[in-house]
Amino acid sequence: MKTDSQQPPKCPVGEPECPWLDELQALHGRVSQLEELVSRDPLTGLYNMRHLQETLPVVLERTRRNHKPACLMMVDLDHFKRVNDTWGHEVGNIALKQTARILRSQVRIVDIVCRYGGEEFVIILPDTGLRQAVQIAERIRRTIEETPVRHEEGEFHMSASMGVDVYMPLDERSPDAFLDSADKMLYQAKEGGRNRVVHRDFSDIETETGVSAEEKDALQGLFGKD
């Protein structure tokens, strides 16, 4: 049910038609469409680098305020140049669009999936601990590996290397530093043989916080939240 604030504007009393109002509503709709266009990658339909740069600081500020971790996942398709060299750029585009569909299908509505550039993607996972993010990353990695890319001349399989990092409530890193950290883990995955997920050690996170996520939830259940 709409509230009064949600009701569309109406013509003033006594005026049967309001051409200016129709134009205003059409303009609002056009602005919304343009805002959506400038934040989306035209090939995959995912959010683009601009949207990532605007959204990540907001998510990290929410992490500090709500005392819940957020994770960042970087995904890079292995040996993607070979796809373009072997099958051509049109087939490469098919592979990129298929990867985008897989990424969207494996995450929540609240998660933010972006095309970082070329064959590289970034996923922001708000309110998500490292263990859960790594599980999601492994599921994505397996799905990419197991799903053939089909085209007119045949099919082939791809794989992906992934880096996952977590941002804790007391973390002081900038958004760029957080991205750089996840990118370094992605690099380690590629250097380590590709088709794998590299992440921070779980014990390091528990040492930093002094209490595990499970223990924190139990304490909050006993004493309540501030």
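The structure we're discussing is the one just above.
Please read all numbers here as calculations on a predicted model, not as lab measurements.

Draft legend 1. Layout of the sheet that holds strand β7 (residues 197-199). A sheet is described by the order of its strands in space; here five strands give the open sequence β2-β3-β1-β6-β7, paired in mixed fashion. The two strands at the open ends of the sheet, each matched to only one other strand, are β2 (112-117) and β7. Strand-to-strand twist of the sheet, defined as the mean angle between neighbouring strand axes without regard to direction, takes the value 20°. Both strand β1 (residues 70-77) and strand β3 (residues 120-125) contribute to a ladder of six bridges, which runs antiparallel. Across the sheet, the residue bridging to Val75 is Phe121, located in β3.

Draft legend 2. Spatial organisation of the pairing of strand β6 (residues 160-167). Among the eight residues that make up β6, eight are buried, leaving the element largely enclosed by the rest of the structure. The two faces of β6 match: Ala160, Met162, Val164 and Val166 on one face and Ser161, Gly163, Asp165 and Tyr167 on the other face are all buried. As paired strands, β6 and β7 are joined by three bridges and run parallel to one another. Residue pairing for β7: Gly163 is matched across the bridge by Val198. Handedness of the crossover joining β6 and β7 through helix α6 (residues 175-191) is recorded here as left-handed.

Draft legend 3. Local environment of the packing of helix α3 (residues 80-87) against helix α4 (residues 89-105). Contact geometry of α3 with α4 gives a least axis separation of 7 Å together with a crossing angle of 140°. The angle between α3 and α4 places the two elements in the oblique class. Every residue of α4 that contacts α3 at Phe80, Val83, Asn84 and Trp87 is listed here: His89, Val91, Gly92, Ala95 and Leu96. Residues belonging to the contact of α3 with α4 are distributed by class as follows: six nonpolar, three polar and no charged.

Reading guide: rules and limits
- As a convention, each chain's residues are numbered from 1 in the sequence order in which they are written.
- This being a predicted model, a pLDDT of at least 70 is required before a residue's local features are given, and a value of 80 or more before pairs of side-chain atoms are given or counted; all residues contribute to the totals for chains, interfaces and linings.
- In computing side-chain properties, one takes all heavy atoms of the structure into account and sets aside hydrogens as well as water.
- Being paired, for any two strands, means DSSP has found at least two bridges between them.
- Working definition: helices are DSSP H or I runs of at least four residues, strands are E runs of at least two. Numbering for both runs from the N terminus.
- Simply put, an axis is a line fit to the C-alpha atoms, just over the touching stretch for a helix, and the angle between two N-to-C directions goes from 0 to 180 degrees.
- Each residue's exposure class comes from its accessible area (1.4 Å probe, protein chains only) as a fraction of the maximum for that residue type: buried when under 20%, exposed when over 50%, partly exposed otherwise.
- Handedness of a crossover is defined as follows: orient the strands so they point away from the viewer, and if the path from the first strand over the helix to the second runs clockwise, the crossover is right-handed.
- What sets the label is the angle itself: under 35 degrees gives roughly parallel, over 145 gives roughly antiparallel, 65 to 115 gives roughly perpendicular, and the rest give oblique.
- Note on definitions: a residue-residue contact is assigned when non-hydrogen atoms from the two residues lie within 4.5 Å.
- Following the grouping adopted for this structure description, the nonpolar residues are Ala, Val, Leu, Ile, Met, Phe, Trp, Tyr, Cys and Pro, the charged ones are Asp, Glu, Lys and Arg, and the polar ones are all others, Gly among them.

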